[in-house]
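# Summary of structural features
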Amino acid sequence: MEAIKANTLRCPVCAVLHLPQEENLKNGVFMGTCQSCGHFFKFRCNTGIQSSITLTINGKSYTVGSEYSGSSSLNSFLRESRISTGTKYMCREGGCGTCLVQVELYDPVSMERKSYAVNSCMVPLFSCNGWEITTIEGIDSTSEKAVPKRLAQYNGSQCGFCSPGQVMNMHALLDFHDGSVTKEMVEDAFDSVICRCTGFRSILDAMKSYAEENNQKVPDIEDVHIKRCDRTGEPCKGCCHRQSSVLALGDVQWFKPTSVDELVKVIQQNKGKNYKLVFGNTGYGVYIELGQWNYDVLIDLREVQEMYGIDFDPTIVLGANLSLTQLTDVLYRGSNEPQFGYFKEMCKILSNVATSSVRNLGTWAGNLMLKHQHPEFQSDVYTMLETIGAQLNIVVNGETKIIPISQFLSQDMTDNVIVAMFLNSIPDSHHIRIYKVNKRNQNAHSDINAGMNFDIDVNQNYQVKSKPTIVFGGISKTFVHATKTEEFLVGKALGDPSTLKGALTMLAQEVVPDDSDPVLTSASFRKNVAMGLFYRFVLDVVGNKAASPFRSGALPLARPLSSGQQSYDTKPIEWPLTEPMTKVEAINQASGRAVYINDIAGQPGECYAEFILSTEANAKIQSIDASAASTVPGFLKFIAAKDIPGVNNISPPPIPSEEVLASDKVEFYNQPIGIIVAENSGAAGSAARKVKVTYTDIQPPILTMEEAIAKNSIFPKVADEFKLGDAEGAIAKSAVKVTGRIKCGTQYHMSMETQISICNPTEDGFEVYSSTQWVDGTQKAIAMVLGVPDSSITVSVRRLGGAYGSKITRNFPVAAACALAANAVKRPVRLNVDFHVNMKMLGKRFPWMADYTIGLSSDGMLEGVKMTYYSDCGISPADNSLAGFAIGMDNAYYCPNWHVIPVALKTNTPANTACRSPGSCPTIFIMESMMEHCAKVLGKDPTDVKTLNLYKKGQLTPSKMPLTYCNIRELTSQLLTSVDYENRKQQVTSFNQANRWKKKGLSVVPMKFGIGWTTANYTAFVAIHGYDGSVSITHGGIECGQGINTKVMQVCASTFGIPMDLIKVKPTDSLTTANSVTTGGSITSELCCKAVLHCCEALNERIAPVRQKIPTKPWKDVIFQCFSENIDLSERYWQVPNTPYLFEYNSYGVTLTEVTLDILTGQHIIDRVDMLFDCGESMNPEIDIGQCEGAFVMGLGYFLQEEIKYEQKTGQQLTDDTWEYKVPLAKDIPVDFRINLLKNAPNPLGVLRAKACGEPPLCMSCSALFAIKHAVEAFRKDIGKDTYFALDAPATVEKVQQSCMVDPTQFIIQ
Ligand SMILES: Cc1cc2nc3c(=O)[nH]c(=O)nc-3n(C[C@H](O)[C@H](O)[C@H](O)COP(=O)(O)OP(=O)(O)OC[C@H]3O[C@@H](n4cnc5c(N)ncnc54)[C@H](O)[C@@H]3O)c2cc1C
Ligand code: FES
Ligand code: FES
C-alpha cells in the first residue's frame, strides 16, 4: 500500500488517485472501494482529513462541505444559502465594500480574537473553519445606539445598496475598540465602502456621532503580548497543541498546516502541482489569475501560528501572517521608542495601502509576493521595506534563510515561504520619508511611490554621511534604486545648491519610466513627479535653510478632519410638507432588510444567463461556434441573433433601433453577440468562455472625438443648428474676441447594483423584475424581441440600487436578453450582469467638446457666441441630448446673439446614455470654461466677468423663455457676502505669494438649470382601504435613492391630514402605472407628488360630504362610513405636462470652492465648498440636502477623477475595474462642506412651491476644477508662464500636474 501523500490516495491496483472523503475515515483509518477498478483498500492516515468545515454565522453554527465548490467565497455562500441577502456584492475584487461582514480573527497583538470588517467576496469559504461571522442580519438595528438606526437617522442611506456595508464597517470598528472611537479613527476607517449616492458627509456624521473624544488610550509597545513558551522560554511557535488538517472537496483540496515544518512538508508534497498559499486571498483583487478558482490545491497559512510571531528583543521580528492592519498597529506602538521613530513613516504609508477592510485581511508578505510575481506592481509595502532596509526570513527548500530585502526580487521563491521580517533600529540622524502619489486620496494604487533614507549630519550643511537609499516604485519592472544618484550623494552637503542640481541631473538620467502600459499614467508625469519627490525630500531635510516660499514643497498635503454644515427653511405649520424627515425606507436599507432585485429568491428551476461579448471593435462576424460550450455540464442553450423570435431591436419607437445581439457586424469591443443559458451561473460563465467567434473585415476602431471628426464619422440630422440674432456680425464688431476649444469626458455611472433582470414565464406571458428607470420602455423592449403584445409582459420594480441614468435604456439589452433566455428554455432565468461586463458592455455619459468664438465688449459683456459642439455618441445617438444643449448652453449668462452648431459623432464605443444631468452638466462646464477664458483674455477676475453677465429678471433666454422669477444675481451676491469673498480672495493671493509649491485657488460658479416637464407623463394610483383607512400608493416613478416615496407620502399625509405611518408605497409596475415615462431629469419626484396630490384632492372631495356628516369622527371611521356608502375610495391620475416653454421653471444656485494644490504631485485638497441652492420651498430639506451633497460629489468624480481609457488598436476598454476607475471616496469630499438651501423662496411655478434638486447641484461641482485651475495659474505666474490654457475634464492628478509645467530646473532651495 502506498503511503498517503496527505492529500490524495493512490489505488494500489490501478493507480488511480482518490480524494479521501470524511465518511470513509474511521479512527484514522481510510476504508473504501476504488472508484475506477473497484478494489477495496485500507490505510492509516496521520493527518485529519475532513470534507466539511464548521463556521458560526450570527451565533448559529453551519457545517459546509462539497455541496459548495472549493473555490466558493464566503459572500457567495452567505447569499446563495440565503443566510444573508443583506450582504451585497458588486465588484468582487475588494474595491467597493458592499460585501463587508464582521469576523472575529486572531489578533497577535492582544492575543485575543478581535472584530474586523472584511470583504466577504475575497474570503474563500473554506478558509472560514471555526470562524465567527456577523452579518447585517445579526446586529442590533433598533436600539438608540444601533448603527443601522444611526445611519438612517443621519440620512446616510439613499439608494441603500451600500448601507449594509457602511454599517458593518462601523459595527466592527466599534467592536474592535470596545465602543470607544475618535472622529479621526472613523474617518480613516471609511475608505472601504463606496457610496455613489450620498456624498459621504451624512455617513461620516452618523458614524462620527459615536466618537468620544479624548478617552482613547494611546497604545504602546508594552501592550503587545509576546507569548513565550513555558518549556523553552522562546517566543511561542504555537504548534504545541494544534492539529493540522486537510479538507478534501470534490474539485479542490485545502491544506491547513499548523507549523512551518508542516507547511514545508505540504509544499514538498504538492511540488509541481497547481497550488497556492493563501492568507488574505486579496491578491486576486490586483491580479485576477490569483483567484482561488484557478488552483487545485490551496494551502491555508492562517493556522501557522509561528508566522504570527511578534518579537522585539534583541531584534524586531514580525511574522508573515500579520495583516497590514496588525502590522500597522505593532509599528504604531513601537514608534515612540528611541531609534524606531521611522515606524511612524511606515504607519503613514501602510494606512494608505488598499482599504481598511482589505488591510484587515491581507498580509504584508502577500503584498511582497505580488511584487515578486509581478515586478511591475507598484507595491507600497515593497518600496517601504526597501527604504528602511528590512530583512526577510524565508524558507528556501526547507531551510531557513535570512536575506536582505534588496535580494528578494531575484530570489527564486518557487515552493518557498516568507516567514517573517526583521527590522533594525535606525539612528535618529537618519531622515526617512516614504511618499505615495495616486489618483484618489484613499484606496488607490500608487502611480508612483518613493522612499528616501539618508543619514544626515545636520551640522555639516546637511552632509550625507553614507550611501543613502533612494527608491521608486511605478517606474518600471526593473527599476528600484536610483543607484547612481545614491552614489553621487555620498559625502555631499544637501544644503549646498550644487548638490541638488547635480543629483537632479543624475536622477533625470536614471529614472526612465516604462511607457508601454496604456492604462498607466504617462511616463513624463511619473518622471516629473519622481524628481519632484526627491526635491521634496531635500526641502524637508534642509528645513529653514531653504528660502521661505520653497519650504511649502517640503511636505505632502495633510487633510484635516472633515465636517459639514447645512441650513434650510422649514414651515412646521405645513408639516409633514417641508419637514426635514428621514427617508421611510432608510432603516430597512441600513439594516439589510430592503429587498433589491438580486435578493429576490429564485423560483424553482431558475437558471442563469450570460452574455457572449465580441473581442473586436469594428468587424464582421464570420462564424459563431458554441459546440464546445454545449459540452459544459449544466449548459442549456445558446442564443444568437438568428434565434430571436421577434425583432432584433430593443428601442421603443421613435428611438433609433439598436440590436440586442449583433447580427452581422460588431461595432465596439465587448458588444453582445450571444447568450448562454445554463443551470447555474458558474456553468453559464464556463460555457460562455468556450464559445468561439471569428471575424472578417477587421477595421481599426474610432475611439476619440478628434478621430471621428477627422474621419467624418458623424450621425446626420441629430439636432438642428440654432441661431439667435447675428452671432457672426456681433463678434466681428466686438472689441475683444476669444477663440478656443474645451472638452469633457465620459463617466461610468457606478450604480452599486449592476444591471439585472429576472424573467419568470407565466401562463399569459412573462413576469419581469428589472433594474429599470423606465418600466414601459423595458416592457416594450422585451415585447419587441419576443414578438408578443406588450400586455404579455409585466414589469415590476420596488427600488434600484442606484441608477443615475444608467437604467433608462441601458437596461433594455439586459432585460431583453434575459427574456429571450427564459423564452428559449421555458424556465425562470436570472441575468445579473457582472460588474466588469457592466462597465465594458454598456454606454456611459456622453463626452463633449466645443470649438468656440466669443465676442465681448471691452468691459467684458457678452455680445455674440458662435460654437460648434460635438457629442461622442458611441455607436448610437439614441440617448443624446444635443437638441437641449443648443438652447440650454447659456448657463446663467445673457447674450443677445448665438449661433450653435451641434455635431453627433460616431465612435466604436458602446452607445452612450444619460448620466445625472446629461445635458446641463457639460453645457454649464463648457460655458464656464468659456467665461474663464474671457476673463483671462480681459485680465479680470472671472467672478467679476461672470457677475457682470448674469441674467437679470425678465430677460429672455435663447429659447425665448422670460426669466420672470430669476434670482441668480441675488443668490450670487448673497453667497459672495456670506463667504466673505473679497477677504478670502485676498487671503488666497497672500498665501500664493508666500508659497511656491502649494497654491490655493477659489472659484465661483453660478448656475441656471432648466427644469423641463415636456413629455413627462406619470401615473399615480391612490387607494384608501375601507376597513381601516390605511392608504396604498403606487406611482410611475422609480425609487432609486432620491426619496420619491417619502415625498409622495408627505404629500398624501398632508392632503388627507393623516399620519405618515398609515401610508404605504407599493412597487411600480407596468399595469398600475402604465404609460409613465422614465424616471429622470430631476422631475419625477415633483411630478409624482403632483399626480398623488391630484388623486388625494379628488378623494378628499368625494369624502367631504361624509366628513361633514361626522366631523368629530376619526379618519378611520370616516373612511369606513364612505366604504359603507359605496363611495369609490380609489383614484388614478395621469400627469400630462402643459408648458408653453421648453422648461417649466429654472432652478438657480451658486457655489464657491476653495482648494489647495500640491504643485509637485498634482494632488489637491478641497478645503471648503459653499453652495447656495434655490430649492424653492423644499418638500423635505433633509432629503434635498442629501441630493445636493450626493450630486456635488458625483460631479467631483466626473470633473476631477474618473477616466475611461481604451486600448488604441483594439478598442478594448482598459479601465473596467475598481483598481483603475476611481469614483470619489470619503476623503475626496470637501473638508468643510456647507450646503445652504435658499430661505423664503417659494417657487410660483413648481409643485407645492418646491424646486427640483436631483441634478442641478452636480453642475456646480466644476467649480472645483476651476479652483484647481486658478491654483495652477498662480504657480504659472510664479514661473512666468501665466498664459491661458484649457483644463479639460477630468482634471486628474496627472493632468493638473502636467499643466503646472513643472521643470526640475525650478527645483532650488535658495
Ligand atoms: C482593493 C485593493 C486595493 C489594494 N491597494 C493597494 C495599494 O494601494 N498598495 C499596495 O501596495 N497594495 C495594494 N493592494 C494589494 C494588497 O496589499 C495585497 O493584496 C495584500 O497585501 C496581499 O496579502 P494576502 O495575505 O491577501 O495575500 P494572498 O492574496 O493570500 O496571496 C498573494 C500571493 O502571495 C503568496 N503568499 C501569501 N503569503 C505568502 C507567504 N507567507 N510566503 C510566500 N508566499 C505567500 C500567495 O501564494 C499568492 O501568490 C490592494 C489590494 C486590493 C484588493
Ligand atoms: S463585492 Fe466585495 S469589495 Fe466589492
Ligand atoms: S446609498 Fe450609498 S450607494 Fe446608494
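Residues numbered from 1 in each chain as written. Chains lettered and ligands numbered in written order. Predicted model: local features only at pLDDT ≥ 70, side-chain atom pairs only at ≥ 80, totals over all residues. Heavy atoms only, no water.

### Observations regarding the overall build of the chain
A tally of regular secondary structure across the chain gives 33 helices and 50 strands. Here the C-alpha atoms of the chain give a radius of gyration of 32 Å, agreeing with the 34 Å that 2.2 N^0.38 yields for 1310 residues. Seen through its C-alpha atoms, the chain measures out along the principal axes to roughly 90 × 80 × 70 Å. For the chain, with 1310 residues in total, the buried portion stands at 64%. (Helix = DSSP H or I, 4+ residues; strand = E, 2+ residues; numbered from the N terminus. Rg over C-alpha atoms; globule rule 2.2 N^0.38 Å. Buried < 20%, exposed > 50% of the residue type's maximum accessible area, 1.4 Å probe, protein only.)

### A look at the nonpolar core
In terms of nonpolar packing, the biggest core is built from 243 residues, with Phe 472 and Phe 534 touching the most fellow members. What Phe 534 contacts, discounting residues up to four positions off in sequence, is Met 452, Phe 454, Ile 470, Leu 489, Leu 500, Ala 503, Leu 504 and Leu 507. Within the second largest apolar cluster, 65 residues are counted, among which are Val 109, Val 260, Ile 405 and Met 413. (Core = buried A, V, L, I, M, F, W, Y, C linked by side-chain atoms within 4.5 Å. Contact = heavy atoms within 4.5 Å.)

### Here we look at unusual backbone geometry
Each neighbour pair has its own omega, and for Pro 653 with Pro 654 the value is 10 degrees, a cis peptide bond. In this structure, the amide linkage connecting Ala 1289 to the following residue, Pro 1290, adopts the cis form with an omega of 5 degrees. Unusually for a residue other than glycine, Asn 397 sits at a positive phi of about 50 degrees. Within the element layout of this structure, Asn 397 appears in the loop between strand 18 (391-396) and strand 19 (399-404). Although it is not a glycine, Ser 917 adopts a positive phi angle of roughly 60 degrees.

### Brief notes about helix 19 (residues 775-786)
Relative to the 16 Å expected for twelve residues at 1.5 Å per residue, helix 19 spans 17 Å between its end C-alpha atoms, a close match to the ideal helical length. For helix 19, the buried fraction is high: eleven of the twelve residues fall into the buried class. Regarding helix 19, the residues found buried are Val 775, Asp 776, Gly 777, Thr 778, Gln 779, Ala 781, Ile 782, Ala 783, Met 784, Val 785 and Leu 786. (Expected span 1.5 Å × (residues − 1).)

### Digging into the state of the cysteines
By the definition in use, this model includes zero disulfides. The structure places no disulfide on Cys 128, whose sulfur is separated from the nearest cysteine sulfur, that of Cys 121, by 12 Å. You can see Cys 915 has no disulfide; the closest cysteine sulfur is in Cys 921, sitting 7.9 Å from it. (Disulfide = S-S within 2.5 Å.)

### As for the packing of aromatic side chains
Scanning the model with the defined rule gives 31 aromatic pairs in all. Between Phe 340 and Tyr 342, the aromatic rings sit 6.3 Å apart at their centres with planes inclined by 35 degrees, giving tilted as the arrangement. There is no split in this pair, since Phe 340 and Tyr 342 are both buried. Between Phe 1192 and Phe 1233, the aromatic rings sit 5.8 Å apart at their centres with planes inclined by 50 degrees, giving tilted as the arrangement. Highlighted residues: Phe 1192 in helix 30 (residues 1181-1201) and Phe 1233 in strand 50 (residues 1232-1237), separated in sequence by 41 residues. Overall, Phe 1192 belongs to the buried group, its relative accessible area being 0%. Members of the aromatic cluster, connected to one another through ring pairs, are Tyr 535, Trp 997, Phe 1275 and Phe 1307. (Phe/Tyr/Trp six-rings, centres within 6.5 Å; stacked < 30°, edge-to-face > 60°.)

### Considerations on the sheet that holds strand 48 (residues 1145-1158)
In sheet architecture, strand pairing relies on hydrogen bonds along the backbone and comes in two forms, parallel and antiparallel. Sheet architecture is open: five strands sit in the order 25-50-49-48-42, paired in mixed fashion. Strand pairing shows two members of the sheet lacking a second neighbour, strand 25 (563-567) and strand 42 (998-1011), which therefore form its edges. For this sheet, the mean inter-axis angle between neighbouring strands, taken without regard to orientation, is 10 degrees. Bridge count for strand 25 against strand 50 is five bridges, and the pairing is parallel. Opposite Gln 566, over in strand 50, you have Ile 1235 as the bridge partner. (Pairing = 2+ DSSP bridges. Axes fitted to C-alpha atoms, helices over the stretch in contact; angles between N-to-C directions.)

### A closer look at the side chain of Asn 838
Looking at the element boundaries, Asn 838 is found in helix 21 (residues 835-841). Apart from the residues within four sequence positions on either side, Asn 838 is in contact with Tyr 748, Thr 754, Gln 755 and Val 833.

### Focus on helix 30
With 21 residues, helix 30 ought to run about 30 Å at 1.5 Å a step, and its terminal C-alpha atoms sit 29 Å apart, in line with that. For helix 30, a buried count of 21 out of 21 residues is recorded, marking the element as mostly surrounded by other parts of the structure.

### A few points about the site of ligand 1
Lining the immediate surroundings of ligand 1 are 39 residues, of which Leu 277, Thr 282, Gly 283, Thr 363 and Asp 380 lie closest. Ala 354 is positioned such that a nitrogen or oxygen atom in its backbone is 3.2 Å from an oxygen atom of ligand 1. The side chain of Asn 367 places a nitrogen or oxygen atom 2.9 Å from an oxygen atom of ligand 1. Starting from 970 Å² of accessible surface for ligand 1 in isolation, the protein chains cover 98%. For the shell around ligand 1, the secondary structure elements donating two or more residues are strand 14 (275-278), helix 10 (364-373) and strand 20 (417-423). In terms of residue count, helix 10 provides more of the shell around ligand 1 than any other element does, six residues in total. Here the shell around ligand 1 is built from residues that sort into 20 nonpolar, 15 polar and four charged. (Near = heavy atom within 4 Å. Polar contact = N/O pair within 3.5 Å; in protein donor to acceptor, adjacent residues only side chain to side chain. Areas by Shrake-Rupley, 256 points an atom, 1.4 Å probe, with all protein chains shown as cover. Nonpolar A, V, L, I, M, F, W, Y, C, P; charged D, E, K, R; others polar.)

### Comments concerning the sheet that holds strand 18
Strand order across the open sheet formed by five strands is 16-17-20-18-19, with antiparallel pairing between neighbours. Edge positions in the sheet fall to strand 16 (310-311) and strand 19, since each of these pairs with one other strand and no more. Where strand 18 and strand 19 come together, six bridges link them in antiparallel fashion. By the bridge assignment, Ile 394 is partnered in strand 19 with Lys 401.

### Some points on a nonpolar patch on the surface
A contiguous nonpolar patch, built from Tyr 1027, Phe 1120 and Phe 1123 and spanning about 340 Å² of accessible area, is present on the exposed surface. Assessed through its relative accessible area of 39%, Phe 1120 is described here as partly exposed. (Patch = residues over 30% accessible without salt bridge, like charges linked within 9 Å, V, L, I, M, F, W, Y side chains within 5 Å. Salt bridge = Lys/Arg side-chain N within 4 Å of Asp/Glu carboxyl O.)

### Here we look at the pairing of strand 37 (residues 793-797)
For strand 37, the tally of buried residues reaches four of five residues, placing the bulk of the element in the interior. As judged from the four bridges shared by strand 36 (residues 765-770) and strand 37, these two strands associate in the parallel manner. Note on strand 37: the bridge partner recorded for Phe 766 is Ile 793. This β-α-β element, strand 36 to helix 19 to strand 37, shows right-handed connectivity. As paired elements, strand 37 and strand 46 (residues 1068-1069) share two bridges and run antiparallel to each other. Looking across to strand 46, one finds that Val 797 is bridged to Thr 1068. (Right-handed = clockwise from strand over helix to strand, strands pointing away.)

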